Amino acid sequence: MAIEQMEKLVEKYFRPRLPHIWCPGCGNGIVTGAIVKAIDKLGLNQDETVIVSGIGCSSRASGYLNFDTVHSAHGRALPVATGVKLSEPRLNVIVVTGDGDSTAIGGNHFIHAARRNINLTVVLYNNNIYGMTGGQYSPLTPSHSIATTAPYGTLERPFDVPELAKAAGATFVARSTAFHTQLLVDVIAQGIAHDGFSLIEAVTQCPIYNGRQNKLGDAPTMMKWQRDHAVNVEAAKKMTPEQLAGKFLIGVLHKSEAPEYTKQYDDLVIANAQKGAK
Ligand SMILES: Cc1ncc(C[n+]2csc(CCOP(=O)(O)OP(=O)(O)O)c2C)c(N)n1
């Protein structure tokens, strides 16, 4: 994208709040930029688009964006977003959340929002760690990684979050990385356009807490790792299990149709509640 175009996007969609809190090399700016590009690509009305976040480095994105935003409580972005969407179903509601925010403290809300198939778009910034509080392991931290809460390596197995979302009932599930920015923009746009619960996992680098503790190198090195370990879901169809060992899939991983919650709710109100309880 040309620099003039970028400047226009920044002027329109970001609040001038420099300096931001993100560390040098953090991928959160790339992911937030991808959300903005997806919104712009779809031509969404800025006054009818709401950004809701929880708590964490990634959740700070809501404060930098020039929309109606809610920076809610840790793990509670989805209940807040559900309330916003149910009260005004015409709004586009985008949830910005971290791996800890959405799958640890907010894990229960995550599976139930997916199960309801409410039309929210969740962009999960997966840096594999609790960044804001200094590098504790999360449910998405790979086994045996070092974290401040696992000095000898974590014994826990991480969730495959797209599989979790799909099993819980999400009707659009995708993954991309900070390195694969074009794809990230594209799958976020598809998720927003999808009429149901959509989960987009954005794999991103945290060089300061995750990278340093695990000797993963600086930000460019971590992004090269993303480049070398992600396989597009279409390309993967032609690959053998041996070729796919140690890799992860990117692209649209699941898409299905199911009744959307707010529409069902409105129908229920019209068909029953407005006639009065029997
Ligand atoms: C109820 C509650 N518990 C704990 C915290 C402390 N806390 C703030 S952010 C955070 C983890 C954030 O990790 P993640 O969601 O992965 O986001 P990141 O900072 O990595 O983007 C925790 C435990 C809090 N703010 N509120």
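So, here is what we can say about the structure in this document. As the structure is a computational prediction, the values presented were derived from the model and not from experiment. (Residues numbered from 1 in each chain as written. Predicted model: local features only at pLDDT ≥ 70, side-chain atom pairs only at ≥ 80, totals over all residues. Heavy atoms only, no water.)

## Brief notes about the state of the cysteines
Phase 1: Considering all chains together, one arrives at zero disulfides under this definition.
Phase 2: Looking at Cys-23, it has no disulfide partner, and the nearest cysteine sulfur is the one in Cys-57, 6.4 Å off.
Phase 3: Relative accessible area serves as the criterion here: at 34%, Cys-23 is assigned to the partly exposed category.
Phase 4: There is no disulfide at Cys-206, and the cysteine sulfur nearest it, in Cys-23, is 6.5 Å away. (Disulfide = S-S within 2.5 Å. Buried < 20%, exposed > 50% of the residue type's maximum accessible area, 1.4 Å probe, protein only.)

## Topic: the sheet that holds strand 3 (residues 92–98)
Phase 1: A sheet is described by the order of its strands in space; here eight strands give the open sequence 2-1-3-4-6-5-8-7, paired in mixed fashion. With partners counted over all chains shown, the strands left at the sheet margins are strand 2 (68–71) and strand 7 (230–232), one partner each. Direction aside, the axes of adjacent strands within the sheet are offset by 20° on average.
Phase 2: In the sheet, strand 3 pairs with strand 4 (residues 121–126) via five bridges, with the strands oriented parallel. Paired with Val-96 across the two strands is Val-123, which belongs to strand 4.
Phase 3: Seen against the sheet, helix 7 (residues 161–168) touches strand 4, strand 5 (172–177), strand 6 (198–203) and strand 8 (248–255) and runs at an angle of roughly 175° to strand 6.
Phase 4: Across the sheet, helix 8 (residues 181–193) is in contact with strand 3, strand 4, strand 5, strand 6, strand 7 and strand 8; its angle to strand 5 comes to roughly 160°. (Pairing = 2+ DSSP bridges. Helix = DSSP H or I, 4+ residues; strand = E, 2+ residues; numbered from the N terminus. Axes fitted to C-alpha atoms, helices over the stretch in contact; angles between N-to-C directions. Contact = heavy atoms within 4.5 Å.)

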